[in-house]
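A closer look at the structure
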Amino acid sequence: MASTIPDPYPDTHGDAHETPTPTDRAGRIEVHGIDHIPERERHGRPRELFSVWAAANVNYLSLVVGGALVLMGLSLWQALAVIVVGNLFWVLTGLLAVSGPASGTPSEVITRAMYGIRGNRVNNAVTGWMISVCYFALNLAAAAIAAFSLVERAGIPTNSGVRIAVVVVIAALTLTISVYGHAMIVKLYLPITLALTAAFAVVAFHVLGHTDFGYRPAEPLTGTDLWGTLVAGVTLIASGPLSYTTSADFSRYLPRATSAKAVVGWTAFGSFLPSVIVCSLGAFAATAVDMTDPQTGLETILPDWFTPVFLLALVLGTISINALTAYSAGLALQAVGIRIRRSLSVIVDGIVAVSLTLYALLVSNFLDTVSNVLQLTVVLLGPSMAVYATDILLRRNRYDGLALTDETPDSPFWYTAGVNWAGALALTTGTATAALCVNTLYTGPLAHALGGVDLALPAGMIVASTVYATLVRRSRGGLGTETRG
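What you see is a predicted model; the values in this text were computed from it and never measured.

Glancing now at the overall build of the protein. Assigned secondary structure in the protein consists of 20 helices and zero strands. For 485 residues, the compact-globule estimate of 2.2 N^0.38 gives 23 Å, and the C-alpha radius of gyration of the protein, at 22 Å, lies within 12% of that figure. Taken over the C-alpha atoms alone, the protein extends approximately 65 × 55 × 40 Å along its principal axes. Here the protein holds 485 residues, and 59% of them are scored as buried. Sequence separation of at least 24 residues holds for 85% of the intrachain contacts in the protein that already meet a minimum separation of 6. Roughly 18,500 Å² of accessible area belongs to the protein as shown, and the carbon and sulfur atoms make up 66% of that amount. Separation of charge centres in the protein, based on 26 positive and 29 negative side chains, amounts to 9 Å.

Okay, structure coming up:
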């Protein structure tokens, strides 16, 4: 197993005994981008990660997804089981976060170890930047829908011009947090978590009072249809944690000696707990109201005085998750090779996301867009996370942060012509396997042979992990010591 593979490039560049310098401070635009964070600038404790991830997971999209499970034909208890199983994938998000303190670099740089300097630019362009911007747009659309109702309550008609203005304002608030960066996120997200918890506690009180705990659909699913829906539901829920292959972005300022178990635990628990609760509220509500329009449905069981508070909470929660997404997308744009300051890269991401959001709101059906995008991205995100997690285990989470920032042919992560073919082939093979098994926008041949059961998530991850581990072990330099070409 992993213990048989040497670590040829231990990070000997730390300076743990130097006095910390206040370069990462709330209210000051973060100066670091994808560069290495020296040990003297590391600070904080892993428990800070709880509020970062908790604030990001109390959001409107989780309500939508939880309600969608019941709309798909599941009973309440089947939906709750799916919610718990799907959210267990947050453990993988926590696992990936341990590479941040180990290297002092963000995920977008750490993945050079898996794909090589040049190969990782392609990986960041697709898995890092493009998918992050798509999620930014989806969440921005969700926040905008809640904000539209607030505007209407103020007596302002929501014509196209008003809608555009609302989207731009929400995006501006989100990008402000992302531009100020890591320290601002850490400082703001604890009070945001507390505020959102209070608001959703009121929601829970009223939703639970109307919930039909014995709910079963008029025509319960059985056989292949049931299993297909259960697997599709897990995939839908798991798409959330799988979208955060960037969790090291928010842990990289922690001292290198930080407990890996604590990083995994606080990241995973901070994500799992609120996501399970909010998704479950969506499922509970779906037994009492029409969740094809979640916002309108929930307003029928909430007191009138609380509705504006609820809508503001939805907007705030979505801003929280999108600030993380925009932050990582900005780092991904830098890692692609574009020489641009992190703060400017975040603004570029925002402009693209606003354009996609306006399309989603003004042209397409929002709920269908959410379901299709979340399920389809798993085809790529599942294998991507599997390769990353496998590399951490094989390497025993030992990364040389300074070596990872070296983009020259002399870099130990240059591999062959700038590409680590073990990672490239593993990701390609895993994605191809998942594509054969998917059943969402289209039905793959393997899904068709299984009667429509979508096994894209487990199949893609298992194949990607197996191929990567096999190729790395067969290559003496698979972890960064190959002959450079």
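Inspection of the entire model under this criterion finds eight salt bridges. With a closest N to O distance of 2.9 Å, Arg 121 and Glu 407 form a salt bridge. Placement of the pair is Arg 121 in helix α8 (residues 117–153) and Glu 407 in the loop between α17 (401–404) and α18 (421–437), with a sequence separation of 286 residues. Judged by relative accessible area, which is 28%, Arg 121 ranks as partly exposed. Salt bridges sharing common partners tie together Arg 112, Arg 121, Arg 339 and Glu 407.

Among the 10 residues of helix α1 (residues 48–57), eight are classified as buried, and the element is accordingly described as predominantly covered. Within the sequence span of α1, burial applies to Leu 49, Ser 51, Val 52, Trp 53, Ala 54, Ala 55, Ala 56 and Asn 57. If you follow the buried residues of α1, they end up packed against α2 (60–71), α4 (90–97), α10 (182–210), α12 (260–286) and α14 (307–335).

Glancing now at the confidence of the model for the protein. Counting all residues, the mean pLDDT for the protein is 88, and 91% of those residues have values of 70 or more. Low pLDDT (under 50) marks residues 481–485, which in the prediction has 22 contacts with non-local residues, meaning those over four places away or in another chain.

Quick look at unusual backbone geometry now. At Arg 396, a position not held by glycine, the phi torsion is positive, near 55°. Along the chain, Arg 396 falls in the loop between α16 (366–395) and α17. You will see that Ala 417, though not glycine, has its phi angle at about 55°, which is positive. Here Ala 417 lies in the loop between α17 and α18.

All right, on to the side chain of Ser 149 then. Tracing the backbone through its elements, the reader meets Ser 149 in helix α8. Since its relative accessible area comes to 14%, Ser 149 is described here as buried.

Tracing the backbone shows Thr 258 in the loop between α11 (223–242) and α12. The class of Thr 258 is buried, set by a relative accessible area of 16%. Distance in space between the C-alpha atoms of Thr 258 and Arg 118 is 31 Å, their sequence separation being 140 residues. Apart from residues no more than four positions distant in its own chain, Thr 258 is found in contact with Pro 46 and Val 263.

The next subject is the side chain of Ser 51. For Ser 51, the position within the fold is in helix α1. You can call Ser 51 buried: its relative accessible area is 8%. Apart from the residues lying within four places of it in its own chain, the contact partners of Ser 51 are Tyr 189, Leu 190 and Thr 193.

What follows is about the environment of Leu 302. Locating Leu 302 in the fold gives a position in the loop between α13 (294–299) and α14. Between the alpha carbons of Leu 302 and Val 202 there is a distance of 8.7 Å; along the sequence they are 100 residues apart. Among all residues touching Leu 302, those that are not within four sequence positions of it are Val 203, His 206, Thr 307 and Phe 310.

A cluster of nonpolar residues, Trp 266, Phe 269, Leu 273 and Ile 277, forms a patch on the protein surface that exposes about 350 Å² of accessible area. Locating Leu 273 in the fold gives a position in helix α12. Take Leu 273: its relative accessible area is 34%, and that puts it in the partly exposed class.

Our next topic: the packing of α2 against α11. Packing of α2 against α11 brings their axes to within 11 Å, and their N-to-C directions diverge by 175°. With respect to their mutual orientation, α2 and α11 come out roughly antiparallel. Residues Val 65, Ala 68 and Leu 69 of α2 form the contact with α11, whose participating residues are Gly 233, Leu 236 and Ile 237. Partitioned by chemical class, the residues of the contact of α2 with α11 number five nonpolar, one polar and no charged.

Here α12 contains 27 residues, and its C-alpha end-to-end distance of 39 Å stays within 8% of the 39 Å for a straight helix at 1.5 Å per residue. Taking the backbone nitrogen of Lys 261 as reference, a side-chain oxygen 3.3 Å away marks Ser 259 as the first, capping residue of α12.

Interaxial distance between α2 and α12 falls to 7 Å at its minimum, and their mutual angle equals 45°. With respect to each other, α2 and α12 are oriented oblique. Remark: the crossing between α2 and α12 carries right-handed chirality. In contact with Ser 62, Leu 63, Gly 66, Gly 67 and Val 70 of α2, α12 contributes Ser 275, Val 278, Cys 279, Leu 281, Gly 282, Ala 283 and Ala 286.

Conventions we followed
- Residues numbered from 1 in each chain as written.
- Predicted model: local features only at pLDDT ≥ 70, side-chain atom pairs only at ≥ 80, totals over all residues.
- Heavy atoms only, no water.
- Helix = DSSP H or I, 4+ residues; strand = E, 2+ residues; numbered from the N terminus.
- Rg over C-alpha atoms; globule rule 2.2 N^0.38 Å.
- Buried < 20%, exposed > 50% of the residue type's maximum accessible area, 1.4 Å probe, protein only.
- Contact = heavy atoms within 4.5 Å.
- Areas by Shrake-Rupley, 256 points an atom, 1.4 Å probe, with all protein chains shown as cover.
- Lys, Arg positive; Asp, Glu negative; His and termini not counted.
- Charge placed at Lys NZ, Arg CZ, Asp CG, Glu CD.
- Salt bridge = Lys/Arg side-chain N within 4 Å of Asp/Glu carboxyl O.
- pLDDT = per-residue confidence, 0-100.
- Patch = residues over 30% accessible without salt bridge, like charges linked within 9 Å, V, L, I, M, F, W, Y side chains within 5 Å.
- Axes fitted to C-alpha atoms, helices over the stretch in contact; angles between N-to-C directions.
- Parallel < 35°, antiparallel > 145°, perpendicular 65-115°, else oblique.
- Nonpolar A, V, L, I, M, F, W, Y, C, P; charged D, E, K, R; others polar.
- Expected span 1.5 Å × (residues − 1).
- Polar contact = N/O pair within 3.5 Å; in protein donor to acceptor, adjacent residues only side chain to side chain.
- Left-handed = near helix turned anticlockwise from the far one by under 90°.

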